[in-house]
Amino acid sequence: MPRSKRRSTTDMSSNEDDRYASKRLRNSSSRRVSRVEEAQSFSQKRCLAWFREYTTPDDPDTLGPEGMEKFCEDIGVEPENVVMLVLAFKMQARQMGFFTKEEWLKGLGEMQCDSIQKLQYRLDYLRCLLNDQNIFKAIYRYAYDFARDKDQRSMDMETAKAMLQLLLGKHWALYTQFSQFLDQSKYKVINKDQWCNILEFSRTIYNDLSNYDVDGAWPVMLDEFVEWLKTSRAKAAIS
Amino acid sequence: MSRHVSKIGDPSPLKRLDEPQISKKIRLEIEVDENMSDNSPDRNRRANFSNVNGVNRNLNIHSVKPTTKKLIIKNFKSEPKLPDDYNETTWKKLSSAVIAIQQSKPNEYLLEELYQAVGNMCSHKMASELYKNLFELIDAHVRSNIEKFKTETMDRLLFLKKMNDTWQSHCNQMIMIRGIFLCLDRTYVLQNPNISSIWDMGLDLFRKYFMLHTLVQTRVVEGLLMLIEQERQGDKVDRILLKSLLRMLTDLQIYNKAFEQKFLQSTERLYAAEGQRLMQELEVPEFLAHVDKRIHEENERVLHYLDSSTKYQLIHTVEKQLLSEHINNILQKGLDNLLEENRLHDLSLLYQLFSRVKNGLQELCHAFNAFIKKQGRTIVIDPEKDKTMVQELLDFKDAMDNIVASCFKKNEMFSNSLKEAFEHFINQRTNKPAELIAKFVDSKLRAGNKEATEEELERLLDKIMVLFRFIHGKDVFEAFYKKDLAKRLLVGKSASVDAEKSMLSKLKQECGGGFTSKLEGMFKDMELSKDINVAFKQHLNINTPELMPLDMTVNILTMGYWPTYLPMDVTLPAQMVKFQDIFKEFYLSKHNGRKLQWQPTLGHCVLKARFKAGQKELVVSLFQTLVILLFNESDEHGFEYIKAATNIEDGELRRTLQSLACGKARVLNKIPKGREIEDNDKFKFNNDFVNKLFRIKINQIQMKETTEEQKATEERVFQDRQYQIDAAIVRIMKMRKTLSHNLLISELLGQLKFPVKPSDLKKRIESLIDRDYMERDKDNSNQYNYVA
């Protein structure tokens, strides 16, 4: 244990920028002022201790699926809630279902959270982040690499649909149709370019597709989707 | 000038005045004289007018400086006196003469006398009264003349004839009268610009009464129109009468107002009805002939009796009613037939007629274009007609070229349209025409094709190149051409090296060196191989003379130039292997670092075989050779044994055995008999083989293979295209670094030489993005960035 703790501090000093160093200084100085403030202010140590609650002794620096389940339970959020994605984005977690120690400390440190309670207070703030167009775009792009199987370049269709449901399901009126289109299509995977363009598409193209330019740069998948949607709408109109 | 003077003195001025043109000219000249003589006021009083012109003219010419002679001449003169009743008596004389003329009675006075009397009156200031009197006289006569017609109710033709007579006599009388009153015309009329000459006065009066009595006028015009209508219906009519009356209208200056408009209207009505009717009744060629006839007739009409100013409008009206109105009908109804049946004469007529009307040629060209596209499409699109497609295309092109050249006067618009249409329909079916053209060329260039001489072949190749030019996917052509060329070269079946070279140079000219470099490489390989073989034979003679004399020829094919052949491993007889090894050693010693790979599929051999009936030479493929050689060991082998011994691929072996045991020349017998080769079949050497030829070629059975080959060739072309697209995208992006989607697409379409759909390009772009050769701009999804 102490060994890892020491390493973590060295890691911190080497990895984190000056801002963190100064924060640490401020924290240590505030500790002396009062215990109440100490409870409210961020403690690196407490944060790490909290992290350890979810890890196993075999792999003390990685929070695995089981720990994740417990963590979700503790903060009162279902694992498939979109907030978890935002949290992962904050931590810049590399792999879905896992947090490493560095990711944990970086993300929670940034948010000044070292306890369940503090994090719960911040959940609404995290949800709010989704409303910012630019941050949402960043989260959306991040989600692709986050959710993708790291052995493969592209994301398999099941994951992709789940992620799309999570991110666009509520806001994009054509999501249901798009999902149906994917079900009947020959596509087995979605590549990053297609992924990014789906967001663009959902944001810019009207529901009646009137402003869709077939000769534009849209990936062929979206051309096919538009084609498919138009024919199925035409069929519906006839019957 | 002397001519002029004598003419004035001419007792019968009638002849001269026949032509109003000339009389006008004379009048002009006189005018000049008068102006000149105005210089000296006393000259007016001179009685001896016949001298005046001549002498004075001469005088005036020299009279820049006045001379003393002039004075002397003046003194000669004494004032003549006229009797007091001269006016009355003279007018009496004159009026009686005029009335005599008008009534066509003999004149009791000499014309000379009358003429001089008029002259005298003019010089004694009685001109205006004279003119007035004359006017009244003529007025009365013309009025009574015309009024006669008012009450006449005779037949139209008769009416016209009478009218014409009246007019003719009026003209004659007026000429006569004018002759007598010439002095009046020359002095009084000229000095008073408001008064018209005697001739004009006659016309004016005639016009006045003619116009006044509209009934007469309408009857004349209607009569004329009726005559013309009759002529249009094919009757013979009195053209001279028509001409004369129309001239009358022209002279009276009412041709335009009274006649022309009505005439054009009736023409329009007639031809509008005729056009509608005949369009329904007649076939297009007949209709065209009819229109041509009509236009010709109307031209004649203008030539014979109409005023030439009517020509443009008349012809225009006919063209409009018979052609312009029916352009679409004619084209829809008849053009296709004419083109199909190659009716050059009718087509020429069609072109010639259509060139007369506005937009006619454009419409014709348009319809011509549509016809070619439609017709061409039927040639190209039907897979059942693949066998004859190229020949049909050539014939079709010839026919169309001929039509453009001989019927459409080589109009550039048409030849361009022809090209455009060909290019359009040939590419309606992708790839197949290119493939078939390549195969067609192959069939022409292959040996044994004796149907054409060198020159004919050359001309044929030129024509094929024209078709080739229209093809978009030239790479498909190249792939098939290359495959066939390889066959021709390797089997030595090429009809003539010259023809091959000429075709190659044509291709090079058309598509550039890049297109033909591989084909040229193939020829080079063949030539190098010849040299190598000669060297190899010498090598063998020197180094290993003890080897059995097996004649081996090796063709060294450079990989990349030639089509790719699947390498096959087969078991060769030890003899051959030995030769191969020797050759390999020999070749590699010369060309260090190269790799040789044997292609057994392409080899062929000549075998000597002894049958009961005698010795034969068999020209067979390497695979056939391997099978036949097995029968040197034993007369009978099972399928499995042959397969194991030769190691030939199963399908290939079955085909080979089929060719040897089931084909025309059966050197093996299959047990049991049958077309298909089964696993348990046995094969026996056919010692009873007979054939009248000594050297026998046993063809490989290839039917199945060609479809496979064809598919493979196509596949390879498509694969190549993908690489080419990828390469082009990367090349462009590398140069531009960032580029918007549309610009990239358009640049690609400019660079790629085969037809591609934008969606295909998009797929390749996405694939390149996926492979990190480029990326989509983070902020602008319509823009790509090159990734180094």
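Residues numbered from 1 in each chain as written. Chains lettered and ligands numbered in written order. Predicted model: local features only at pLDDT ≥ 70, side-chain atom pairs only at ≥ 80, totals over all residues. Heavy atoms only, no water.

- In the annotation of an unreviewed UniProt entry, chain B is listed under the name Cullin-4B and assigned to Zophobas morio.
- Taken directly from UniProt, the Sequence similarities (unreviewed entry) text for chain B runs: "Belongs to the cullin family." (UniProt positions renumbered as here; feature names shortened; annotations may be inferred.)

- As annotated in an unreviewed UniProt entry, chain A is Defective in cullin neddylation protein from Zophobas morio.
- Under the UniProt heading Function (unreviewed entry), the entry covering chain A gives this text: "Neddylation of cullins play an essential role in the regulation of SCF-type complexes activity."

### Observations concerning the pairing of strand S1 (residues 604–611) of chain B
All names here are of chain B.
Then, number 1: Burial of S1 is one-sided: the residues Cys605, Leu607, Ala609 and Phe611 facing one way are buried, the residues His604, Val606, Lys608 and Arg610 facing the other way are not.
Then, number 2: In this structure, S1 lies alongside strand S2 (residues 614–621), joined through eight bridges in antiparallel fashion. Among the inter-strand pairings, His604 is bridged to a residue of S2, identified as Ser621. (Buried < 20%, exposed > 50% of the residue type's maximum accessible area, 1.4 Å probe, protein only. Helix = DSSP H or I, 4+ residues; strand = E, 2+ residues; numbered from the N terminus. Pairing = 2+ DSSP bridges.)

### Focus on the interface of chain B and chain A
Then, number 1: Across the contact, 15 residues belong to chain B and 17 residues belong to chain A.
Then, number 2: Both sides together, the interface formed by chain B and chain A hides about 1300 Å², and carbon and sulfur atoms give 36% of it.
Then, number 3: Three residues stand out in chain B for area buried against chain A, namely Lys762, Glu766 and Asp770 of chain B, and they jointly supply 40% of the buried area on that side.
Then, number 4: Taken together, the links from chain B to chain A amount to three salt bridges. (Contact = heavy atoms within 4.5 Å. Buried area = accessible area lost by both parts, 1.4 Å probe. Salt bridge = Lys/Arg side-chain N within 4 Å of Asp/Glu carboxyl O.)

### Quick word on a negative patch on the surface
Then, number 1: A cluster of acidic side chains, namely Asp84, Asp85, Glu88 and Glu129 of chain B, defines a negative patch on the protein surface.
Then, number 2: With respect to the element layout, Glu88 of chain B can be found in helix H6 (residues 86–102). (Patch = residues over 30% accessible without salt bridge, like charges linked within 9 Å, V, L, I, M, F, W, Y side chains within 5 Å. Areas by Shrake-Rupley, 256 points an atom, 1.4 Å probe, with all protein chains shown as cover. Lys, Arg positive; Asp, Glu negative; His and termini not counted. Charge placed at Lys NZ, Arg CZ, Asp CG, Glu CD.)

### Structural notes on the packing of helix H7 (residues 111–123) of chain B against helix H10 (residues 182–191) of chain B
Axes are the key here: two packed helices are described by the angle between their axes and the distance separating the axes.
Residues and elements named next belong to chain B.
Then, number 1: Where H7 meets H10, the closest approach of the two axes is 8 Å, and the angle between their N-to-C directions is 20°. Compared by their axis directions, H7 and H10 come out roughly parallel. Considering how the two elements wind past one another, H7 and H10 form a crossing that is right-handed. On H10, the residues touching Tyr115, Val118, Gly119 and Cys122 of H7 are Leu182, Cys183, Leu184 and Thr187.
Then, number 2: Residues of the contact of H7 with H10, tallied by class, amount to six nonpolar, two polar and no charged. (Axes fitted to C-alpha atoms, helices over the stretch in contact; angles between N-to-C directions. Parallel < 35°, antiparallel > 145°, perpendicular 65-115°, else oblique. Left-handed = near helix turned anticlockwise from the far one by under 90°. Nonpolar A, V, L, I, M, F, W, Y, C, P; charged D, E, K, R; others polar.)

### A short note on the packing of aromatic side chains
Then, number 1: Taken as a whole and assessed by the stated rule, the structure comprises 50 aromatic pairs over all chains.
Then, number 2: Measuring from centroid to centroid gives 6.4 Å for Phe99 of chain A and Trp104 of chain A, while their planes differ by 55°, and the two rings are tilted.
Then, number 3: Looking at Phe99 of chain A, the relative accessible area reads 2%, which means it is buried.
Then, number 4: Measuring from ring centre to ring centre gives 5.5 Å for Phe477 of chain B and Tyr481 of chain B, while their planes differ by 10°; the resulting arrangement is stacked. Here Phe477 of chain B pairs with Tyr481 of chain B, and both are found in helix H24 (residues 474–491), just four residues apart, close to one helical turn. Exposure class is identical for Phe477 of chain B and Tyr481 of chain B. Each is buried.
Then, number 5: One aromatic cluster in this structure is built from Trp172, Phe178, Phe181, Phe201, Tyr212, Trp218, Phe225 and Trp228 of chain A.
Then, number 6: Against the face of Phe468 of chain B rests Lys474 of chain B, its NZ or CZ located 5.4 Å from the ring centre.
Then, number 7: Geometry around Tyr481 of chain B places Arg488 of chain B over its ring, the cationic atom sitting 5.5 Å from the centre. (Phe/Tyr/Trp six-rings, centres within 6.5 Å; stacked < 30°, edge-to-face > 60°. Lys NZ or Arg CZ within 6 Å of the ring centre and 35° of its normal.)

### Thoughts on the sheet that holds S2 of chain B
Strand pairing in a sheet relies on backbone hydrogen bonds. The paired strands run either parallel or antiparallel.
Residue and element names in this part refer to chain B.
Then, number 1: Ordered by their spatial adjacency, three strands build an open sheet running S1-S2-S6, and the pairing between neighbours is mixed. Of all the strands in the sheet, the pair left with one neighbour each is S1 and strand S6 (695–697). For this sheet, the mean angle separating the axes of adjacent strands, direction not counted, is 25°.
Then, number 2: Helix H28 (residues 622–630) contacts S1 and S2 of the sheet and is inclined by roughly 135° relative to S2.

### Section: the pattern of salt bridges
Then, number 1: Summed over all chains, the structure comprises 59 salt bridges over all chains.
Then, number 2: Ionic pairing is found between Lys161 of chain A and Asp183 of chain A, a salt bridge with its closest N-O pair at 2.2 Å. On the criterion of sequence distance, the pair formed by Lys161 of chain A in helix H10 (residues 157–168) and Asp183 of chain A in helix H11 (residues 175–184) is long-range, its members being 22 residues apart.
Then, number 3: We note a salt bridge from Glu520 of chain B to Lys508 of chain B, for which the minimum N-O separation is 3.2 Å. Of this pair, Glu520 of chain B sits in helix H26 (residues 513–543) while Lys508 of chain B sits in helix H25 (residues 497–511); the two residues are 12 residues apart in sequence, bridging distant segments of the chain.
Then, number 4: Residue Glu520 of chain B is classed as partly exposed on the basis of its relative accessible area, which comes to 27%.

### Looking at the confidence of the model for chain B
All names here are of chain B.
Then, number 1: Of the residues in chain B, 87% have a pLDDT of 70 or more, and the chain-wide mean is 81.
Then, number 2: Note on residues 1–63: pLDDT is under 50 here. Beyond four places in sequence and across chains, it has 50 contacts.
Then, number 3: Both confidence scores are given for the complex: pTM 0.63, ipTM 0.70. (pLDDT = per-residue confidence, 0-100.)

### Section: the packing of H11 of chain A against helix H13 (residues 220–238) of chain A
Residue and element names in this part refer to chain A.
Then, number 1: Contact pair H11 / H13: the axes reach a minimum separation of 10 Å and the direction vectors enclose 105°. Of the possible angle classes, the one that applies to H11 and H13 is roughly perpendicular. In this structure, H11 contributes Gln177, Phe178, Gln180, Phe181, Leu182 and Gln184 to the contact, and H13 contributes Met221, Leu222, Glu224, Phe225, Trp228, Leu229 and Arg233.
Then, number 2: Residue composition of the contact of H11 with H13, by class: eight nonpolar, three polar and two charged.

### Looking at the sheet that holds strand S7 (residues 738–740) of chain B
Residues and elements named next belong to chain B.
Then, number 1: Pairing in this open sheet of three strands is antiparallel, and the strands run S7-S9-S8 from one edge to the other. Two strands lie at the open edges of the sheet, namely S7 and strand S8 (774–776), each paired on one side alone. Neighbouring strand axes in the sheet, compared pairwise and without regard to direction, differ in orientation by 25° on average.
Then, number 2: Sheet analysis places S7 next to strand S9 (residues 783–786), joined by three bridges and oriented antiparallel. Across the sheet, the residue bridging to Thr738 is Asn785, located in S9.
Then, number 3: Those strands touched by helix H32 (residues 741–751) are S7, S8 and S9, and its axis lies near 90° from that of S7.

### What to know about the environment of Cys407 of chain B
Residues and elements named next belong to chain B.
Then, number 1: Of note, Cys407 is situated in the loop between helix H20 (386–406) and helix H21 (412–426).
Then, number 2: Assessed through its relative accessible area of 2%, Cys407 is described here as buried.
Then, number 3: Residues Cys407 and Gln352, 55 residues apart in the sequence, show an inter-C-alpha distance of 8.5 Å.

### Quick look at H13 of chain A
Then, number 1: Compared with an ideal rise of 1.5 Å per residue, which puts 19 residues at 27 Å, H13 of chain A spans 27 Å between its outermost C-alpha atoms and is within 8% of the ideal.
Then, number 2: Of all the residues in H13 of chain A, the buried ones are Val220, Met221, Leu222, Asp223, Phe225, Val226, Trp228 and Leu229 of chain A.
Then, number 3: Close packing links the buried residues of H13 of chain A with H11, strand S4 (189–190) and helix H12 (192–204) of chain A together with helix H33 (758–770) of chain B. (Expected span 1.5 Å × (residues − 1).)

### Here we look at the side chain of Asn369 of chain B
Residues and elements named next belong to chain B.
Then, number 1: In this structure, Asn369 sits in helix H19 (residues 360–381).
Then, number 2: A relative accessible area of 10% means that Asn369 is categorised as buried.
Then, number 3: Here Glu420 takes part through its side chain, which lies 2.8 Å from a polar atom of the side chain of Asn369.
Then, number 4: Once residues lying within four places of it in the same chain are set aside, the contact partners of Asn369 are Ser417, Glu420 and Ala421. (Polar contact = N/O pair within 3.5 Å; in protein donor to acceptor, adjacent residues only side chain to side chain.)

### Focus: the confidence of the model for chain A
Then, number 1: Summary statistics for chain A give a mean pLDDT of 78 and a share of 83% for residues scoring 70 or more.
Then, number 2: Low pLDDT, under 50, characterises residues 1–38 of chain A; the predicted model gives this stretch 24 contacts beyond four residues in sequence or across chains.

### What to know about the side chain of Arg294 of chain B
Residues and elements named next belong to chain B.
Then, number 1: Along the polypeptide, Arg294 turns up in helix H15 (residues 284–304).
Then, number 2: Judged by its relative accessible area of 7%, Arg294 falls in the buried class.
Then, number 3: For Arg294, the contacting residues outside a window of four places in its chain are Arg232, Tyr271, Glu274 and Leu322.

### Section: the environment of Glu319 of chain B
Residues and elements named next belong to chain B.
Then, number 1: Here Glu319 lies in helix H16 (residues 311–322).
Then, number 2: C-alpha of Glu319 to C-alpha of Val291: the two residues are 28 residues apart in sequence and 8.2 Å apart in space.
Then, number 3: In this view, Glu319 contacts Ile295, Ser324, Arg356 and Val357; residues no more than four positions away in its chain are not counted.

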